[in-house]
Amino acid sequence: MVQDVDAPSPYRVFTRAEWAAKRADTPMTLNPDEVTRLKSFTDQLSIDEVEAIYLPISRLLSFYVAAQQKLARASQTFLGATDVKIPFVIGVAGSVAVGKSTTSRVLQALLSRWSNTPKVDLVTTDGFLFPNAYLEREGLMKKKGFPESYDTKSLLHFLADVKAGKRHVKAPVYSHLVYDVVPGGHVTVDRPDILIVEGLNVLQTGRPPRDGKAIPYVSDYFDFSVFIDAEEDVLEQWYLERFMRLRETAFRDPQSYFRRYAEKTDFEAMKTALALWYGINLVNLRDNILPTRQRARLILKKDANHRIESVSLRRV
C-alpha cells in the first residue's frame with residue numbers, strides 16, 4: 001500500500017517555548033547539584049533544560065500513570081484480584097551518544113518525586129546483550145548493539161514477569177569497562193511503580209509470522225515510549241568527542257577493554273573512532289534505530305548544543 005504523503009502527521013510538534021509552558025505549576029524538585037550528578041560524563045545538561053523540557057514530560061507522564069493506576073484498580077475489582085501491582089513501563093530509545101542514559105536518569109529522578117510513583121526503577125538493555133564469547137563465536141562482534149546481538153528471548157521474559165506483577169525479577173548487568181555482560185551479575189526489579197527501559201533498539205519490530213501466531217515485541221510491554229533524536233552529523237561529532245575524552249579517562253584503566261586505544265596517537269585514535277562510527281554505529285542507526293523513531297509516543301529533537309529544540313507528541 002502506497003503511503004498518503006498528504007496525510008496529516010500523527011504528531012503535534014511543540015517548540016521549546018511552547019513545551020516549557022506545559023510545565024504549568026509543576027514544582028522543580030531537583031537542585032543544580034543533583035542535575036550535575038545525573039548527567040553522563042560527556043553529556044551537557046543544565047537546570048534550565050530540566051525545567052523547560054523534563055518537568056513538563058514528568059507532568060504528562062504523571063497523568064498517564066494516574067490513569068493506568070485507576071484502570072488497574074477497576075480491573076482488579078472486576079476480576080476480584082488483590083495484591084497485584086502492574087508497573088507503568090517507559091521505553092527510551094535513540095542512537096549511540098545521543099544522551100539516552102542521561103534522559104532516563106533525569107526522568108527517573110523526577111518521576112520518583114511524584115506522590116503516586118515513589119518507586120521508579122531503571123534497566124538498560126545492555127545487560128541483555130549476548131556475552132562477547134557468544135558474539136565472537138557467531139561472528140557478531142562487529143554488530144554489537146544491532147538487534148541480533150541481544151538475547152531478546154530473555155528480555156521479553158523479563159518484561160513479561162515485570163508486567164505480570166511478579167516479585168524480585170532479575171535483570172543481567174553490563175560493564176562498559178570490560179565491554180561485556182557481568183557473569184552472574186544482576187539487578188532486581190521488585191514491583192516498581194514505574195520501570196524505565198533504555199536501549200538502542202527497544203522500539204524494534206520484526207516481520208510477523210505468516211501463520212498469524214502471536215509474536216511479542218519488546219515495545220509491546222511499553223505504556224509510553226521516548227525517542228531522542230539528532231541529525232547524523234551532530235551524532236557523529238558527539239560520538240567522536242566522547243571517544244576522545246574517554247581515551248583520556250576510562251580507557252586508561254588497566255581493566256578497560258579499550259585500554260589499547262589510550263596508547264594511540266591523536267591521529268590514530270580519531271581514525272579508529274571514525275572507523276567505528278561509519279562501520280558500526282552509523283549502519284545500526286540507519287538500518288535499525290532510525291526506522292523505529294515514528295513508533296515512539298514522544299520524540300525529543302536535540303540541536304548541536306545538546307539542547308532539545310522541539311518536542312513531538314503523538315496524537316493517537
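Refer to the preceding data block for the structure.
For the structure given in this document, a descriptive report is provided here. (Residues numbered from 1 in each chain as written. Predicted model: local features only at pLDDT ≥ 70, side-chain atom pairs only at ≥ 80, totals over all residues. Heavy atoms only, no water.)

Considerations on the overall build of the protein
Summing up its helical and strand segments, the protein has nine helices and nine strands in all. Taken against the 2.2 N^0.38 rule, which gives 20 Å for 316 residues, the C-alpha radius of gyration of the protein at 20 Å falls within 12% of a compact globule. Overall, the protein is about 65 × 50 × 45 Å in size when its C-alpha atoms are taken along their principal axes. Split into buried and exposed, the 316 residues of the protein put 48% on the buried side. (Helix = DSSP H or I, 4+ residues; strand = E, 2+ residues; numbered from the N terminus. Rg over C-alpha atoms; globule rule 2.2 N^0.38 Å. Buried < 20%, exposed > 50% of the residue type's maximum accessible area, 1.4 Å probe, protein only.)

Section: the pattern of salt bridges
Within the structure shown, the criterion is met by 14 salt bridges. The residue Lys301 makes a salt bridge to Glu231 at a minimum N-O spacing of 2.9 Å. With a gap of 70 residues between them, Lys301 in strand 8 (residues 298-302) and Glu231 in the loop between strand 7 (224-229) and helix 7 (232-247) connect regions that are remote in the sequence. Relative accessible area serves as the criterion here: at 44%, Glu231 is assigned to the partly exposed category. (Salt bridge = Lys/Arg side-chain N within 4 Å of Asp/Glu carboxyl O.)

Description of the nonpolar core
Counting residues in each nonpolar core, the largest one holds 83 residues, and the members touching the most others are Tyr54 and Phe158. Among the elements that make up this core, the one with the highest residue count is helix 3 (residues 47-79) (nine residues). In this structure, Tyr54 is in contact with Leu45, Glu49, Thr103, Val106, Leu107, Leu110, Leu300 and Ile308, ignoring residues within four places of it in sequence. (Core = buried A, V, L, I, M, F, W, Y, C linked by side-chain atoms within 4.5 Å. Contact = heavy atoms within 4.5 Å.)

Details of empty space enclosed by the protein
This model, assessed by the stated rule, comprises one cavity of 30 Å³ or more. Taken as a whole, the largest cavity encloses approximately 50 Å³ of empty space. What lines the largest cavity is Asp43, Gln44, Leu45, Glu49, Tyr54, Gly99, Thr102, Thr103, Lys302 and His306. When contributions to the lining of the largest cavity are tallied by element, the ones reaching two or more residues are helix 3 and helix 4 (100-111). Of the residues assigned to the lining of the largest cavity, the class counts are two nonpolar, five polar and three charged. (1 Å grid on protein atoms, 1.4 Å probe; cavity = no way out; pocket = protein on both sides within 12 Å on 5 of 7 lines; lining within 4 Å. Points joined across faces, edges and corners; volume = space filled by probe spheres on them. Nonpolar A, V, L, I, M, F, W, Y, C, P; charged D, E, K, R; others polar.)

Some points on the packing of helix 3 against helix 4
At a closest axis distance of 10 Å, the pairing of helix 3 and helix 4 adopts a crossing angle of 60°. Our classification of the angle between helix 3 and helix 4 gives oblique. Crossing of helix 3 against helix 4: the hand is right-handed. The residues of helix 4 that touch helix 3, namely those facing Val50, Tyr54, Leu55, Ile57, Ser58 and Leu61, are Thr103, Val106, Leu107, Leu110 and Leu111. (Axes fitted to C-alpha atoms, helices over the stretch in contact; angles between N-to-C directions. Parallel < 35°, antiparallel > 145°, perpendicular 65-115°, else oblique. Left-handed = near helix turned anticlockwise from the far one by under 90°.)

Digging into the layout of surface pockets
A water-sized probe rolled over the atoms picks out the places where empty space is left. For the second largest pocket, the calculated volume is near 300 Å³. Class assignment of the residues belonging to the lining of the second largest pocket gives a composition of nine nonpolar, six polar and no charged.

Things to note about the pairing of strand 4 (residues 169-175)
Two faces belong to every sheet, and in a regular strand the side chains alternate between them. Across six bridges, the pairing between strand 4 and strand 5 (residues 180-189) is antiparallel. From the neighbouring strand, Tyr174 faces strand 5, where its bridge partner is Val181. Counting the residues that bridge the hairpin from strand 4 to strand 5 gives four residues, and of these Tyr179 lies at a positive phi of roughly 60°. (Pairing = 2+ DSSP bridges.)

Details of helix 7
For helix 7, which comprises 16 residues, the first-to-last C-alpha distance of 22 Å matches the rise-based estimate of 22 Å (1.5 Å per residue) to within 8%. Along helix 7, the residues that are buried comprise Val234, Leu235, Glu236, Trp238, Tyr239, Leu240, Phe243, Met244 and Arg247. Contacts made by the buried residues of helix 7 are with helix 8 (259-262), helix 9 (266-289) and strand 8. (Expected span 1.5 Å × (residues − 1).)

Some points on the packing of aromatic side chains
Considering all chains together, one arrives at 14 aromatic pairs under this definition. Seen in terms of ring centroids, Tyr179 and Phe258 are 4.9 Å apart; in terms of plane orientation they differ by 65°. Their pairing is edge-to-face. Residue Tyr179 is located in the loop between strand 4 and strand 5, and its partner Phe258 is located in the loop between helix 7 and helix 8; the two are separated by 79 residues in the primary sequence. On the basis of relative accessibility, which here comes to 15%, the residue Phe258 falls in the buried class. (Phe/Tyr/Trp six-rings, centres within 6.5 Å; stacked < 30°, edge-to-face > 60°.)

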